[in-house]
Structure formats: C-alpha cells, structure tokens
Amino acid sequence: MIDAAVQQLAEKGWCALRGFLSGELVQRLAEDARRLHATGQMRPAATGQGAQREVRAGLRDDAIAWLEESPASPAQLEYLSRMEALRLAANRELQLGLFDLETHFARYPAGARYQKHLDTFQQDGRRTLSVICYLNAGWQESDGGQLRIYLDEDNASRHADILPEGGTLACFLSHRFPHEVLPASRERLSLTGWFRRRA
Ligand code: OGA
Ligand code: MN
C-alpha cells in the first residue's frame, strides 16, 4: 500500500488509494472524531496563519481538532505509525526531506464545503505533502463531498475527483495542487495532515 502511494506520487505528484486504512481502524478513528465533536472539542477551522489567520464561513465550514492537543488513542497511534511509514518511504524514494507531521480530525456537516485553495501558507513554505484519510463508511457518489484536485493551473476542467470513502488515502504535493471540497449531503469525517520540511 505504502509503495503504491509513493509510486503514484512519483509519477504524478498526487495519489488516491482505496483501502489504505482497514475498515476496523476507520471505525475506531470515526468514533474518536464523533466523540470529539460530541464533547465540544472540535473548533471552527480557520484559514491563513499569523496576521492572515481568520475564520470565514462560506470559504471553509468544517470544524477541526488537532491530534497534538489531546492524548492519542490506540487508533490514533496506529494511524500515526502508518503516517510515519509513509513519511520514511516518501523520503527514501522521492527525497522529499519530510521532517514532521501536523494533523487534525475534520468534520464537515452536511452542506459544508472548502473552496479552492492551496495548503501552503504565504509566509511559511514548510508544508510539503498533504495527506488525507477518510473515515466515512459506505460513501456513495451521490453523497457528493468529493475532494477535487486541480491538475492544470491553466485549465480548470482538468481535475481529479476523489470520493471520501472510509479508508481511502488522498495525498498530493502541497505547493503544486489547488483543490477544493465539494459540498456533501451527509456528515463528512477525515484525518487531514501535512508533512513538513524543516524551516
Ligand atoms: C484541507 C483540505 C480536503 C479534504 O483541510 O486543507 O483541503 O478532502 N481537505 O478534506
Ligand atoms: Mn487543503
């Protein structure tokens, strides 16, 4: 699985892989996300950094909880060890120099979206590889909520749509691919992270 992800990254700079996390792990991580939501530990997500940081409804309507801010459950430790294996393989095969991972749960209520954006901050180029694992069992095409990755800056019709089905991994080079989250008709849960280089 990890090899397949790294190979796709080498070929095209992004990857989509179904079944990257087992159904059982997805279920435990989804329970963590729901518990964080139910106990008020998810906060409206902001955009930007430093003086540019703001919470703007309509641009991005999800709520997030950083993994770094609460003790990791066994399921989260398992996810983090998969991410560590991905980091090492990407460094070995692609010389990306990935140093650490920042990661959060995200919950999009039905109807929420995240408009087209890049994941790198204006003043901080450390984010190098964006990684998203979806936690939604039984997702259908008709549920919407696709991650749309724009493959060609000059031609918006060239894009890839990834369904946020439980266990699917999406990753892409953060500085290269603008992307958006299309609105879904049901709650949409994920773990989103960024591997960073050193400053
Ligand atoms: C993000 C993002 C994509 C997704 O959080 O920056 O683009 O599919 N998420 O959840
Ligand atoms: Mn993004």
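Conventions used here
Residues numbered from 1 in each chain as written. Chains lettered and ligands numbered in written order. Predicted model: local features only at pLDDT ≥ 70, side-chain atom pairs only at ≥ 80, totals over all residues. Heavy atoms only, no water. Donors = N, O, S within 2.8 Å, 3.2 Å for Na, K, Ca; no water. Helix = DSSP H or I, 4+ residues; strand = E, 2+ residues; numbered from the N terminus. Buried < 20%, exposed > 50% of the residue type's maximum accessible area, 1.4 Å probe, protein only. Pairing = 2+ DSSP bridges. Arc of directions from axis to C-beta. Contact = heavy atoms within 4.5 Å. Disulfide = S-S within 2.5 Å. Near = heavy atom within 4 Å. Polar contact = N/O pair within 3.5 Å; in protein donor to acceptor, adjacent residues only side chain to side chain. Areas by Shrake-Rupley, 256 points an atom, 1.4 Å probe, with all protein chains shown as cover. Salt bridge = Lys/Arg side-chain N within 4 Å of Asp/Glu carboxyl O.

Caption draft 1: Fine view of the coordination of the manganese ion (ligand 2). Within the protein, H117 (NE2), D119 (OD) and H179 (NE2) serve as the donor atoms for the manganese ion (ligand 2), at 2.1 Å. Counting along the primary sequence, the residues that act as donors to the manganese ion (ligand 2) give the motif H-x1-D-x59-H. Highlighted residues: H117 in strand β5 (residues 114-117) and H179 in strand β10 (residues 179-181), separated in sequence by 62 residues. Of the residues examined, H179 reaches a relative accessible area of 4% and is grouped as buried.

Caption draft 2: The pairing of strand β6 (residues 127-134), seen in detail. In terms of residue burial, β6 counts as a mostly covered element, since eight of its eight residues are buried. Where β6 lies against strand β11 (residues 188-196), seven bridges are found, and the strand directions are antiparallel. Its bridge partner being in β11, V131 is matched across the sheet by G193. Bridging between β6 and strand β9 (residues 169-173) involves five bridges; their strand directions are antiparallel. What sits directly across from L129, in β9, is L173.

Caption draft 3: Looking closely at the sheet that holds β6. Spatially, seven strands are ordered β1-β9-β6-β11-β4-β3-β2 in an open sheet, and the strand pairing comes out antiparallel. One side of each edge strand has no neighbouring strand; the edge strands of this open sheet are β1 (14-17) and β2 (43-44). Looking at chain direction, strand β4 (residues 100-108) and β11 are connected through nine bridges and run antiparallel. If you follow A106 over to β11, its bridge partner there is S190.

Caption draft 4: Region of interest: helix α1 (residues 2-12). Within α1, the full set of buried residues consists of I2, A5, V6, Q8 and L9. For α1, the angular spread of the buried residues around the axis is 160°, confining them to a single face. Residues of α1 that are exposed and point over 90 degrees away from its buried face: D3, A10 and E11. Looking at the buried residues of α1, the elements they touch are β1, α3 (74-94), β6 and β9.

Caption draft 5: Representation of the state of the cysteines within the structure. A complete count under the given rule lists zero disulfides for this structure. In this model C133 remains outside any disulfide bridge; the closest cysteine sulfur is found in C171, 8.7 Å from its own. Looking at C133, the relative accessible area reads 1%, which means it is buried. Note on C171: no disulfide assigned, nearest cysteine sulfur contributed by C15 at a separation of 3.2 Å.

Caption draft 6: Up close: unusual backbone geometry. We note that Q95 has phi near 50°; this positive angle belongs to a residue other than glycine. Its location among the elements puts Q95 in the loop between α3 and β4.

Caption draft 7: Structural context of the environment of L135. Relative to the helices and strands, L135 resides in the loop between β6 and β7 (147-150). Taking the C-alpha atoms as reference, L135 lies 8.9 Å from G23; in sequence the two are 112 residues apart.

Caption draft 8: Summary view of the site of ligand 1. Near ligand 1 lie 13 residues; those nearest to it are H117, D119, Y134, H179 and R188. Between ligand 1 and the protein, one listed contact pairs an oxygen atom with a side-chain N or O atom of H117 at 3.2 Å. In the model, an oxygen atom of ligand 1 is placed 3.2 Å from a nitrogen or oxygen of the D119 side chain. Starting from 290 Å² of accessible surface for ligand 1 in isolation, the protein chains cover 99%. Those elements that provide at least two residues to the shell around ligand 1 are β5, β6, β10 and β11.

Caption draft 9: Structural detail: the pattern of salt bridges. Going through the model one piece at a time under the given rule, you end up with 16 salt bridges. For D100, the salt bridge identified is with R196, shortest N-O distance 2.9 Å. Note that D100 is positioned in strand β4 and R196 in strand β11, a separation of 96 residues in sequence. Judged by relative accessible area, which is 22%, D100 ranks as partly exposed. Between D143 and R186 there is a salt bridge whose closest N-O contact spans 3.4 Å. Note that D143 is positioned in the loop between β6 and β7 and R186 in the loop between β10 and β11, a separation of 43 residues in sequence.

Bear in mind that shape data such as this cannot, by itself, settle questions of function.
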